[in-house]
Amino acid sequence: MALREGFTTGSAATAAAMAAFARLLGAEVQEFVSCPLPPFEETDDGILFPAGRLDIPISSVMLHEKNNSVRALVIKDGGDDPDATHQAGIEAEVALCPAEHLLPHEGEIFLPGPPPLVLRGGRGIGRVTLPGLPVAVGEPAINPVPRKQILAGLKEVAAQYACKAGLVVTLSVPNGESIARKTLNPRLGILGGISILGTHGTVRPYSHDAWKASILEGLSVAQAVNCPRILLTTGRRSERLLNGLFPHEREQAFVQVADFAEFSLRSAVESGFRDIIWGCFFGKLVKLAQGQGHTHAHSAPLDMNRLALWCAESASQGASDLKQAIAACTTANQALDLILPRPDAMKILHSLAQKAKHVAESFAPGASVRLYLFSLDDDKELLHL
């Protein structure tokens, strides 16, 4: 069965802003908004042609007569790949302002339009405090592509109703601050809420692009705050264990890279890092030793026969029995359970780690890669080299 796509926080914010703007200009409350999707092709006349469109449901629209504005709410839908922002309420409040009076204050974003637009980050929208991100320090965490997407959507509404006034748009996420604690935003220096993101407007289930973008963002911030080395881990657990060994490293120096071994190592070198530390468990180490650039179980199955041969070659005694036993294993952890009780266990593990280190350094030319291997059973460090 095909997995259901969702839409980004950028698309949610765009649809909410469009619905609020249209209602402010006298339109009926809309059940759905046809949201333009990036990337956009821009003409010499400033017209933004979207790559596609998506009908996004509008949850509510409310008129505020006191300040002559309209607020619309969209519930963000992550599809079959829900993340921390799935089902979050994304609000946009739109107010008109004479174009000649439209001046942004510090920490606001000015988009010249037309229509000219001041974009504000309200409650639950993070604010950038560290360099290295595509948003300037001090600005609300609304990424460049969603900014263009919001402007494109508002251009369409302005053209439909022949409105030439300037706009003030305030984006809010009522529970954004609590949601952000479940993301990497605090580590990246985005404080007080979530980010408005999205390069394509839709969310593809289990997208590799999203993971890679997260890795690149982490590396960029680590470089911008002058971390002398980068510490890559395959997940939260290995990061926690590696952090215990390097408690004085800056939080930004730690980047979770999941299964993207080759991509993250090459990207670390491209970001200027020459001292790289890699923390992982046995299965990922073996896959790295076997030359797997992407270590997910579906795309990179373990070659147990190859592992059995390597272990036998390093064994001091009983090589034939060990080879046969490991070849019969179905998981790396089963093989590790056979290795650890042996008197030559560290010799075998060291040999495997050397192979993994060699592959890692081939993915990171010019850099030194140090490996730390942890035990899944008791969270202990088994070795490092």
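Residues numbered from 1 in each chain as written. Predicted model: local features only at pLDDT ≥ 70, side-chain atom pairs only at ≥ 80, totals over all residues. Heavy atoms only, no water.

Draft legend 1. Up close: unusual backbone geometry. Here Pro-38 and Pro-39 are connected by a cis peptide whose omega angle stands at 0°. In this fold, Pro-39 is placed in strand β2 (residues 32-42). In the Ramachandran plot, Asn-226 falls in the positive-phi region, its phi being about 65° despite a non-glycine side chain. (Helix = DSSP H or I, 4+ residues; strand = E, 2+ residues; numbered from the N terminus.)

Draft legend 2. Highlighting the sheet that holds strand β19 (residues 381-384). Across the sheet, which stays open at both edges, the five strands sit in the order β16-β15-β17-β18-β19 with mixed pairing between neighbours. Looking at the sheet topology across the chains shown, the edges are occupied by β16 (254-256) and β19. Within the sheet, the average angular offset between the axes of one strand and its neighbour, ignoring direction, is 20°. Contacts from helix α5 (residues 236-245) reach β15 (230-233), β16, β17 (275-281), β18 (368-374) and β19, with the element oriented near 125° to β17. (Pairing = 2+ DSSP bridges. Axes fitted to C-alpha atoms, helices over the stretch in contact; angles between N-to-C directions. Contact = heavy atoms within 4.5 Å.)

Draft legend 3. Molecular detail of the nonpolar core. With 72 residues, the main nonpolar core has Ile-276, Trp-278 and Phe-282 as its most contacted residues. Take this core: its biggest share by element is nine residues, from helix α11 (residues 345-363). In this structure Trp-278 touches Leu-232, Thr-234, Val-257, Ala-261, Ser-264, Leu-265, Leu-288, Val-369, Arg-370, Leu-371 and Tyr-372, once residues within four positions along its chain are discounted. Formed by 44 residues, the second largest nonpolar core is a distinct cluster that contains Ala-17, Ala-22, Ile-125 and Ile-196. (Core = buried A, V, L, I, M, F, W, Y, C linked by side-chain atoms within 4.5 Å. Buried < 20%, exposed > 50% of the residue type's maximum accessible area, 1.4 Å probe, protein only.)

Draft legend 4. Fine view of the packing of aromatic side chains. What the rule picks out here adds up to two aromatic pairs. Against the face of Phe-263 rests Lys-212, its NZ or CZ located 5.1 Å from the ring centre. (Phe/Tyr/Trp six-rings, centres within 6.5 Å; stacked < 30°, edge-to-face > 60°. Lys NZ or Arg CZ within 6 Å of the ring centre and 35° of its normal.)

Draft legend 5. Region of the structure containing empty space enclosed by the protein. Scanning all chains against the criterion turns up one cavity of 30 Å³ or more. Around the largest cavity sit Leu-184, Arg-187, Leu-188, Ser-214, Ile-215, Gly-218, Phe-254, Val-255 and Gln-256, which together line it. At the level of elements, α4 (208-224) and β16 are the ones that each hand at least two residues to the lining of the largest cavity. Class assignment for the residues of the lining of the largest cavity results in five nonpolar, three polar and one charged. (1 Å grid on protein atoms, 1.4 Å probe; cavity = no way out; pocket = protein on both sides within 12 Å on 5 of 7 lines; lining within 4 Å. Points joined across faces, edges and corners; volume = space filled by probe spheres on them. Nonpolar A, V, L, I, M, F, W, Y, C, P; charged D, E, K, R; others polar.)

Draft legend 6. Fine view of the packing of helix α7 (residues 282-289) against α11. Running from amino to carboxyl end, α7 crosses α11 at an angle of 60°, the nearest separation of the two axes being 7 Å. Comparing the axis directions of α7 and α11 gives the class oblique. Between α7 and α11 the crossing geometry is left-handed. Of α11, the residues touching α7 (which contributes Phe-282, Leu-285, Leu-288 and Ala-289) are Leu-349, Leu-352, Ala-353, Lys-355, Ala-356, Val-359, Ala-360 and Phe-363. For the contact of α7 with α11, the per-class residue count stands at eleven nonpolar, no polar and one charged. (Parallel < 35°, antiparallel > 145°, perpendicular 65-115°, else oblique. Left-handed = near helix turned anticlockwise from the far one by under 90°.)

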